[in-house]
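Inside the fold
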Amino acid sequence: MTAFLIVLALVALLVIVTLVKSVRVVQQQTVGIVERFGKFRTGLQPGLNLLTPYVDKVRYTIDMREQVVAFPPQGVITEDNLMVSIDSVIYFQVNDPVRATYETSNYIQAIEQLTMTTLRNIIGGMDLEQTLTSREEINEKLRYVLDEATGKWGIRVNRVELRSIDPPPSIQDSMEKQMRADRDKRAAILTAEGMRQSAVLSAEGQKQSAILTAEGDKQSRILRAQAEREARILKAQGEAQAITTVFNAIHAGKPDQGLLAYQYLQMLPSIAQGDANKLWIVPSEIGDALKGLGSAVGQAAGIPQKAEGTWQAPELSNGEVPELDGSLETSGAPAAAVVEADNAVREAIAAAEKAAVGNRGQVPVTPSVNSQQDLPTQEPPAVEPPQR
């Protein structure tokens with residue numbers, strides 16, 4: 001009984017092992033290479049596959065997806081004998097798993113060695129400057145050579161990328177200095193361009209400002225000239241109206257010779273006033289004034305004895321215009337007022353004589369004034385101006 005159970009267990013174990021060897025599950029994008037007695041038989045597709053147990057064997061499992069392989073940096077000599085270090089990345093995909101399995105023992109290692117030799121051939125025909133600036137050209141050449149060489153292996157190279165191209169440290173330092181100098185040069189050029197444009201704009205602004213200032217000054221001078229002209233015109237018109245008004249008022253009042261001589265003598269003390277006056281000049285017209293004052297009918301040169309003509313007197317504040325005929329008797333003044341006026345005239349003449357004596361050393365003859373007696377009209381003698 002015990003032996004039967006042992007045999008039964010062995011049979012069951014054999015059946016299980018046989019089933020395991022007969023069934024094989026293949027993952028998606030994966031192909032299994034099946035060999036029978038060491039010879040290729042078939043390729044297993046993704047999914048559940050049945051094999052002949054103890055006869056068929058899955059030798060390789062090939063990944064059909066695109067693969068990325070990064071190779072370590074390799075030293076490559078350029079045309080100008082400079083050693084550069086280049087590391088690259090290869091993107092490839094297996095198209096034929098059978099050829100990839102049996103055409104080469106290790107297709108990844110074969111691609112790496114092929115990439116290295118191809119890079120040396122390509123970089124050897126370029127100098128350092130071309131190597132650093134022609135990455136796209138190098139990638140395209142490298143991909144073309146690799147794709148053509150790996151086609152018989154059932155592999156298609158999709159893309160080749162150079163991750164870095166490192167020149168020697170001394171060359172890197174020289175390149176950095178050159179780049180720095182070039183950037184400094186461009187910075188200086190840009191600064192000079194900016195300063196030039198700034199100067200041009202400043203000059204344009206100053207020009208416009210000067211033009212506007214000149215225009216404003218011109219307009220200001222024109223306006224000031226026009227305003228000054230109008231002001232002078234208005235001032236002249238005002239002076240003309242004032243002179244006309246004063247002239248009309250004087251002639252409307254009809255002043256005689258006595259009144260003008262009296263006003264003239266009243267101004268003489270004002271001339272002599274002041275502590276700093278050391279010399280008093282007596283006008284030559286004082287003789288004419290004295291003669292005209294002493295005679296009621298006398299006439300000074302240039303002064304009429306009686307104003308004639310029709311003159312319009314200026315209106316007063318109350319709107320009344322007095323009527324004057326130039327005669328004291330006709331104006332209604334009493335005789336006492338006339339006598340008082342004569343006395344005031346005599347006092348003014350006496351004061352003038354004293355002043356003249358003090359300055360000239362001569363005593364002028366005072367003509368007698370009689371308000372009740374008319375003196376004949378005569379031409380006044382010319383009076384020589386006093387000498388300083």
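The structure presented is a predicted model; accordingly, all values stated were derived computationally and were not measured. (Residues numbered from 1 in each chain as written. Predicted model: local features only at pLDDT ≥ 70, side-chain atom pairs only at ≥ 80, totals over all residues. Heavy atoms only, no water.)

**Overview of the pattern of salt bridges**
The final tally for this structure, using the stated rule, is twelve salt bridges. One salt bridge connects Arg41 with Asp56, and the closest N-O pair in it is separated by 3.7 Å. Of the two residues, Arg41 is situated in strand 3 (residues 39-44) and Asp56 in strand 5 (residues 56-63); the sequence distance between them amounts to 15 residues. A relative accessible area of 9% places Asp56 in the buried class. (Salt bridge = Lys/Arg side-chain N within 4 Å of Asp/Glu carboxyl O. Helix = DSSP H or I, 4+ residues; strand = E, 2+ residues; numbered from the N terminus. Buried < 20%, exposed > 50% of the residue type's maximum accessible area, 1.4 Å probe, protein only.)

**Some thoughts on the packing of helix 3 (residues 107-124) against helix 5 (residues 135-150)**
Relative orientation of the contacting elements helix 3 and helix 5 amounts to 135 degrees, with a least axis distance of 10 Å. By the angle between their directions, the pair helix 3 and helix 5 is classed as oblique. Of the two elements, helix 3 crosses helix 5, and the hand of that crossing is right-handed. For the pair formed by helix 3 and helix 5, the contact residues are Ile111, Leu114, Thr115, Thr118, Leu119, Ile122 and Ile123 on the first element and Ile138, Lys141, Leu142, Val145, Leu146, Ala149 and Thr150 on the second. (Axes fitted to C-alpha atoms, helices over the stretch in contact; angles between N-to-C directions. Parallel < 35°, antiparallel > 145°, perpendicular 65-115°, else oblique. Left-handed = near helix turned anticlockwise from the far one by under 90°. Contact = heavy atoms within 4.5 Å.)

**Some thoughts on the sheet that holds strand 5**
To summarise the sheet geometry, strands pair through backbone hydrogen bonds and adopt either a parallel or an antiparallel arrangement. Ordered in space as 3-2-5, the three strands form an open sheet in which the pairing is antiparallel. In the strand order of this sheet, the two ends are held by strand 3 and strand 5, each with one partner. Within this sheet the neighbouring strands show an average axis-to-axis angle of 30 degrees, counted without direction. Where strand 2 (residues 30-36) meets strand 5, seven bridges bridge the pair, whose relative direction is antiparallel. From the neighbouring strand, Glu35 faces strand 5, where its bridge partner is Lys57. (Pairing = 2+ DSSP bridges.)

**Here we look at the packing of aromatic side chains**
In the structure shown here, the tally under the stated rule is two aromatic pairs. Ring geometry for Phe40 and Tyr102: centres 6.1 Å apart, planes at 70 degrees, overall edge-to-face. Of the two residues, Phe40 is situated in strand 3 and Tyr102 in helix 2 (residues 97-102); the sequence distance between them amounts to 62 residues. Accessibility expressed as a relative area gives 32% for Phe40, which makes it partly exposed. Above the plane of the ring of Tyr91 lies Arg159, whose end atom (NZ or CZ) is 4.6 Å from the centre. (Phe/Tyr/Trp six-rings, centres within 6.5 Å; stacked < 30°, edge-to-face > 60°. Lys NZ or Arg CZ within 6 Å of the ring centre and 35° of its normal.)

**A few points about the confidence of the model for the chain**
Predicted coordinates in regions of low pLDDT should not be interpreted in detail. Per-chain confidence: the chain averages 75 in pLDDT, with 67% of residues scoring 70 or above. Low pLDDT (under 50) marks residues 316-334, which in the prediction has 15 contacts with non-local residues, meaning those over four places away or in another chain. (pLDDT = per-residue confidence, 0-100.)

**A few points about empty space enclosed by the protein**
Applying the stated rule across the entire model yields one cavity of 30 Å³ or more. Counted as a void, the largest cavity has a volume near 50 Å³. What lines the largest cavity is simply Phe71, Pro72, Gln74, Ile86, Asp87, Ser88, Glu112, Thr115, Met116 and Leu119. In terms of residue class, the lining of the largest cavity is made up of five nonpolar, three polar and two charged. (1 Å grid on protein atoms, 1.4 Å probe; cavity = no way out; pocket = protein on both sides within 12 Å on 5 of 7 lines; lining within 4 Å. Points joined across faces, edges and corners; volume = space filled by probe spheres on them. Nonpolar A, V, L, I, M, F, W, Y, C, P; charged D, E, K, R; others polar.)

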